[in-house]
Amino acid sequence: MQAFRNKSETLLYLAPRLAAATVLEQTTFTVAEWRESPARVIAQILVHPWAGAPVIVRSSVSAEDVSGRSLAGHFSSVQNVRGPEQLRSAIETVLRSYRGFDNGLEHVLVQPMLQDVTMSGVATSCEIGSSRPYFVINYNMTGDTTAVTAGRTNDIECYYHFRDADQLPSDRLGSVIRLMLEVEAATEWATVDVEFAFCADTDVPVLLQARPLRITSKFKRDLSHHHAGLKRAQKKAAEVLARHPLCHGHRSALGIMPDWNPAEMLGVRPRPLSLSLYRDLVTDSVWSHQRRHYGYRDMRGFPLMIDLLGIPYIDVRASFNSFVPRQLGEELAERLVNFYVNRLAAHPSLHDKIEFEIVFSCYTFDLRQRLRLLREHGFTRQEIDTFLAALRDLTRRIIDPRSGPCNADRTGIASLCRRRALLASSDMPALDRCFWLLEDCRRYGTRPFAGLARAGFIAVQSLNALVMLGMMSAAGRRSFLMGLNTVSAQLRQDFEELDRQDLLERYGHLRPGTYDILSPRYDDAPDFYFGSPPAQGPQRHRSAKRDEVQPSARLADEEKRAIAEALVEHGFDIGVEQYLAFLSNAIRDREVAKFEFSRNLSDALTALSKWGEELGFSAEELSFADIGIIRQCHCSAIDPKPLLSAAIERGRHLHEMTMQTVLPPLLTDAKEVWGFHMPIASPTFITNRSSTGPVVTKLDGDRIEGCIILLPNADPGFDWIFSHDIAGLVTAYGGVNSHMAIRASELDLPAVIGAGERLFARWATAAALKLDCANRHVEMLPSVRAHEAYRRYAAR
């Protein structure tokens, strides 16, 4: 027989074939039988001994679970039904949901209601949407067996387990996986979807429903190559997590969002070219050289980013070491790093907020209050005072307007611009142009940017401290940020004032994926990013530079007096005007540096595309190469074509495994490469405003006004969306200090930054969203019509 028919027949078929689960008793009847005599049907139900207790009346439609399609969730069920009258009402409720499928032959299923349920959920034997070879179990620990399927709770756990792992979990999760394997074997179906429940005092699940899982992409059965790759990933993770003799901290962790946040900048599964560019320009050496230049511990030689099968991770211990002031002694540095790592392990949802919630990396006026946390964890007063003094000295040096390291970094950015103009005026071959643009980008671009970004972080944290201590109001902080003449703010003004040619001359190099050769530049697809230009209209002229409100003019006199007194009290020998100028310059200069180094990088990718085209390779093919091939070919007379071809083939092979791999966002045990719980993130909510709008996940510059934009990763190349009047922004990745967080704050735009994979995927299925940032709440609206109704209600 066909294994998957209607719900009742599927359960009857599976009941004698399962050893890993039980199936409840049942009785069924057809719609025609009910219409003929409801009383007889009810009497037949009540004959069963179990019908004296509460029962559940469930749909059992042939179209619901057949192998050609699934209508999971389309039909109704009614729980906790007792007695004839409740049975009659429940059955009528279920039959009303049959509308469009009511041919008289469909069935209704009645079963005993499970009692003392302690765990229930839904599990699939591959990842839905991608067909990645992982068992995925969504469950909750309440007695509501439909809470997961109906989405009535946020207390849902999500567990991933590689299909070909050597071992299954020893707990109930392992029992669910064994159940799925038995259902697959009994039905001869490659991937399945099951609903299950556990009652108290038993580890044997009850199978509530089984369905064939529809997959749109190819499902791989032979996982031996993938298994070998995960073995290597486990070995590498174990090596990185273990003690290192040259690094403080007894253990480490690997995260996709701490520090330089590769998940935000590259995505979770970047192509090899993007990954190698990020390594070369930032995480191999630039990051540690610049931290040392700004007064932190010397971590040169330690790569910040480790990839596991192409998924980029930050070595958290290396990052934590690099935030320790250089003047601190070894013993105190060791204790601090251990404290940071242990706190992150205890609070994994903070992995995208380590500099705000985990690490103390600079001096702010509220630092002593925040350092109470160290006292609670056993640090002595003397140790805390020593640490506080070291951070104060480090911060004073950084913000010094005369000798601070920002001055040299601004000079570096100026050199980058000057040298780029010389390269642009030359007629050197595409390969050489690419090489020198990248060399300059590293030396005069990302290295100064790393320093200016550090200063920018200090500025943002200092502003937050002023608000926290009442020296500046939240409105004052917002006014301060909105008054800055940042690149993003200038773009918004220029979009309104410049003609298309001038706009692209200034911003044409930007691309949403800064490191992605496949991401079109603004000047490659201007109509997509900015909409079609009007057929006729007044001639626009080059806009003037956006006027910046002077820092002192953005604050009230009493706020400036409070800051001036605090500077004296905390031992800073600069005036309030200089201090506010540092805050302004640091935030602005970070954007300028990013804008300029991304021009070098974008031009280099264009040159690389041209060189590849000369050799017969497309940009798509080049995206699988490693950027190291550029240096090798530039410095050698070797034939580049076979070299590049081999690199592309190798990268393509590696990326296939990357695309099939799921790993945790924070990895603290090497064994987690085989199985792990996917955590729910703790997003950052920007502004105290609310906004509703239709959800947009696929960007089209002509159709995003008034919408809530959902971006998986949002680097500065996505700034073009702010030239449109969007209602709000949600990103899967990004921290409190990320570009998009600051940008949304400047614009007073409701935004949810760093939602994480689980929440982002859930919200992406909504027709519309309501962002309530003040209450840190996101509401899924069932339709655009509901959004319109809410908007009309709110306007009253």
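Here the structure is a predicted model, which means the values were calculated and not measured. (Residues numbered from 1 in each chain as written. Predicted model: local features only at pLDDT ≥ 70, side-chain atom pairs only at ≥ 80, totals over all residues. Heavy atoms only, no water.)

1. Let's talk about the overall build of the protein
Scanning the protein from terminus to terminus reveals 30 helices and 22 strands. Against the globule reference of 28 Å for 796 residues, the protein gives a C-alpha radius of gyration of 30 Å, in line with a compact fold. Along the first, second and third principal axes, the C-alpha atoms of the protein reach 95 × 65 × 65 Å. Relative to its full complement of 796 residues, the protein shows a buried share of 59%. (Helix = DSSP H or I, 4+ residues; strand = E, 2+ residues; numbered from the N terminus. Rg over C-alpha atoms; globule rule 2.2 N^0.38 Å. Buried < 20%, exposed > 50% of the residue type's maximum accessible area, 1.4 Å probe, protein only.)

2. Description of the packing of helix H17 (residues 406–424) against helix H24 (residues 576–614)
The N-to-C vectors of H17 and H24 enclose an angle of 30°; their axes lie 10 Å apart at closest approach. Considering their axes alone, H17 and H24 lie roughly parallel with respect to each other. The element H17 and its partner H24 pack so that their crossing is left-handed. Contacts between H17 and H24 pair Cys406, Arg410, Ile413, Leu416, Cys417 and Arg420 from the former with Phe582, Asn585, Asp589, Ala593, Glu596, Phe597, Arg599, Asn600 and Asp603 from the latter. (Axes fitted to C-alpha atoms, helices over the stretch in contact; angles between N-to-C directions. Parallel < 35°, antiparallel > 145°, perpendicular 65-115°, else oblique. Left-handed = near helix turned anticlockwise from the far one by under 90°. Contact = heavy atoms within 4.5 Å.)

3. Comments concerning the environment of Leu583
Tracing the sequence through the fold places Leu583 in helix H24. In this structure the C-alpha to C-alpha distance between Leu583 and Ser745, which are 162 residues apart in sequence, comes to 15 Å. Aside from chain neighbours lying at most four places away, what touches Leu583 is Ala459, Ser462, Leu463, Leu466 and Phe480.

4. What about the pattern of salt bridges?
Within this structure, the stated rule accounts for 37 salt bridges. Residue Glu355 pairs with Arg454 through a salt bridge whose shortest N-O separation is 2.7 Å. With Glu355 in helix H13 (residues 354–358) and Arg454 in helix H18 (residues 430–468), this pair connects stretches of sequence that are 99 residues apart. Its relative accessible area of 5% is what places Arg454 among the buried residues. Counted as one network, the salt bridges with shared partners bring together Asp280, Glu439, Arg442 and Arg631. (Salt bridge = Lys/Arg side-chain N within 4 Å of Asp/Glu carboxyl O.)

5. Overview of the sheet that holds strand E11 (residues 254–255)
The pairing of strands in a sheet comes from backbone hydrogen bonds and takes either a parallel or an antiparallel form. Pairing within the open sheet is antiparallel, and its four strands lie in the order E12-E13-E11-E14. Looking at strand neighbours, the two that pair on one side only are strand E12 (305–308) and strand E14 (666–667), the edges of this open sheet. Bridge analysis of E12 against strand E13 (residues 311–315) gives four bridges, and the strand direction is antiparallel. By the bridge assignment for E13, Met305 is matched with Ile314. Each of E11, E12, E13 and E14 is contacted by helix H7 (residues 224–241), which is oriented at about 155° to E12, the strand it contacts most. The sheet strands contacting helix H9 (residues 272–283) are E12 and E13, and the helix crosses E12 at an angle near 160°. (Pairing = 2+ DSSP bridges.)

6. Here's the deal with helix H19 (residues 474–482)
Within the sequence span of H19, burial applies to Gly476, Arg477, Phe480 and Leu481. Along the axis of H19, the buried residues cluster in a sector spanning 135°; they form a single face. (Arc of directions from axis to C-beta.)

7. Here we look at the side chain of Asp193
Summarising the element assignment, Asp193 is placed in strand E9 (residues 192–199). Look at Asp193 and you get buried, because its relative accessible area is 10%. Setting aside residues no more than four positions away along its own chain, Asp193 makes contact with Val122, Ala123, Thr124, Gln209, Ala210, Arg211 and Leu213.

8. Points about the sheet that holds strand E3 (residues 55–60)
Spatially, the four strands line up as an open sheet ordered E2-E5-E3-E4, and their pairing is antiparallel. Two strands bound the open sheet, and with one partner strand each, they are strand E2 (27–30) and strand E4 (77–81). With strand direction ignored, the average angle separating the axes of adjacent strands in the sheet is 20°. As paired strands, E3 and E4 are joined by three bridges and run antiparallel to one another. Paired with Arg58 across the bridge in E4 is Ser77. The sheet contacts of helix H1 (residues 7–14) involve E2, E3, E4 and strand E5 (107–112), and relative to E3 the element is tilted by about 105°.

9. What to know about the packing of H9 against H18
Between H9 and H18, the shortest axis-to-axis distance is 9 Å and the interhelical angle comes to 40°. As far as their axial angle goes, H18 and H9 are oblique. Contacts between H9 and H18 involve Leu277, Asp280, Leu281 and Val282 on the former and, on the latter, Leu438, Cys441, Arg442 and Thr446. Across the contact of H9 with H18, the residue classes tally to five nonpolar, one polar and two charged. (Nonpolar A, V, L, I, M, F, W, Y, C, P; charged D, E, K, R; others polar.)

10. Details of the confidence of the model for the protein
The predicted model of the protein has a mean per-residue pLDDT of 89, with 91% of residues at 70 or higher. Model confidence for the protein, summarised as mean pLDDT per element, is weakest for helix H30 (residues 784–794) at 45 and strongest for helix H11 (residues 316–322) at 98. Note that residues 536–544 has pLDDT below 50 and, in this model, 21 contacts with residues that lie over four places away or in other chains. (pLDDT = per-residue confidence, 0-100.)

11. Comments concerning the side chain of Gln209
One can find Gln209 in strand E10 (residues 206–212). Relative accessible area serves as the criterion here: at 3%, Gln209 is assigned to the buried category. Of note is the side chain of Gln209, whose polar atom sits 3.4 Å from the side chain of Arg211. (Polar contact = N/O pair within 3.5 Å; in protein donor to acceptor, adjacent residues only side chain to side chain.)

12. Overview of the nonpolar core
Judged by nonpolar contacts, the single largest core of 122 residues is most densely connected at Phe320, Phe387, Tyr515 and Phe582. With 19 residues, H18 is the single largest residue contributor to this core. If you look at the next biggest cluster of nonpolar residues, it comprises 49 residues, including Leu254, Leu308, Leu771 and Cys773. (Core = buried A, V, L, I, M, F, W, Y, C linked by side-chain atoms within 4.5 Å.)

13. Side note on unusual backbone geometry
Its identity as a non-glycine residue notwithstanding, Asp259 has a phi of 55°, on the positive side. In this structure, Asp259 sits in the loop between E11 and helix H8 (262–266). Phi angles above zero are rare outside glycine, and Leu309 is one such case at about 55°. Structurally, Leu309 is set in the loop between E12 and E13. Judged by relative accessible area, which is 14%, Leu309 ranks as buried.

14. Notes on the packing of aromatic side chains
Under the definition given, this model contains 23 aromatic pairs. Taking 6.3 Å as the distance between ring centres and 85° as the angle between the ring planes, the aromatic pair formed by Tyr296 and Phe323 counts as edge-to-face. Of this pair, Tyr296 sits in the loop between helix H10 (286–293) and E12 while Phe323 is found in the loop between H11 and helix H12 (330–346), placing the two residues 27 residues apart along the sequence. Comparing Tyr296 with Phe323, the two get one shared label, buried. When the centroid spacing of 5.8 Å and the interplanar angle of 70° are considered together, the rings of Tyr507 and Phe595 count as edge-to-face. In this pair, Tyr507 sits in helix H21 (residues 500–507) while Phe595 sits in helix H24, placing the two residues 88 residues apart along the sequence. Judged by relative accessible area, Tyr507 falls into the buried class, the value being 2%. Using a relative accessible area of 10% as the deciding quantity, one classes Phe595 as buried. Grouped by ring-pair contacts, the aromatic residues Tyr134, Tyr160, Phe162, Trp674 and Phe676 constitute a single cluster. (Phe/Tyr/Trp six-rings, centres within 6.5 Å; stacked < 30°, edge-to-face > 60°.)

15. Let's talk about H24
End to end, H24 covers 57 Å across 39 residues, agreeing with the expected 57 Å (1.5 Å per residue, within 8%). Burial runs high along H24: 28 of the 39 residues are buried. One or two positions beyond H24, positive phi appears at Gly616, with a value near 95°. (Expected span 1.5 Å × (residues − 1).)

16. A word on the environment of Ser623
Here Ser623 is to be found in the loop between helix H25 (619–622) and helix H26 (628–634). Residue class for Ser623 comes out buried when judged on its relative accessible area of 2%. For the pair Ser623 and Arg652, spaced 29 residues apart in sequence, the C-alpha separation works out to 8.7 Å. Sequence-distant contacts of Ser623, that is, excluding residues within four places in its chain, are made with Arg271, Pro272, Leu273, Ile517 and Leu518. Here the side chain of Ser623 touches Glu620 through a polar contact of 2.6 Å, landing on its backbone oxygen.

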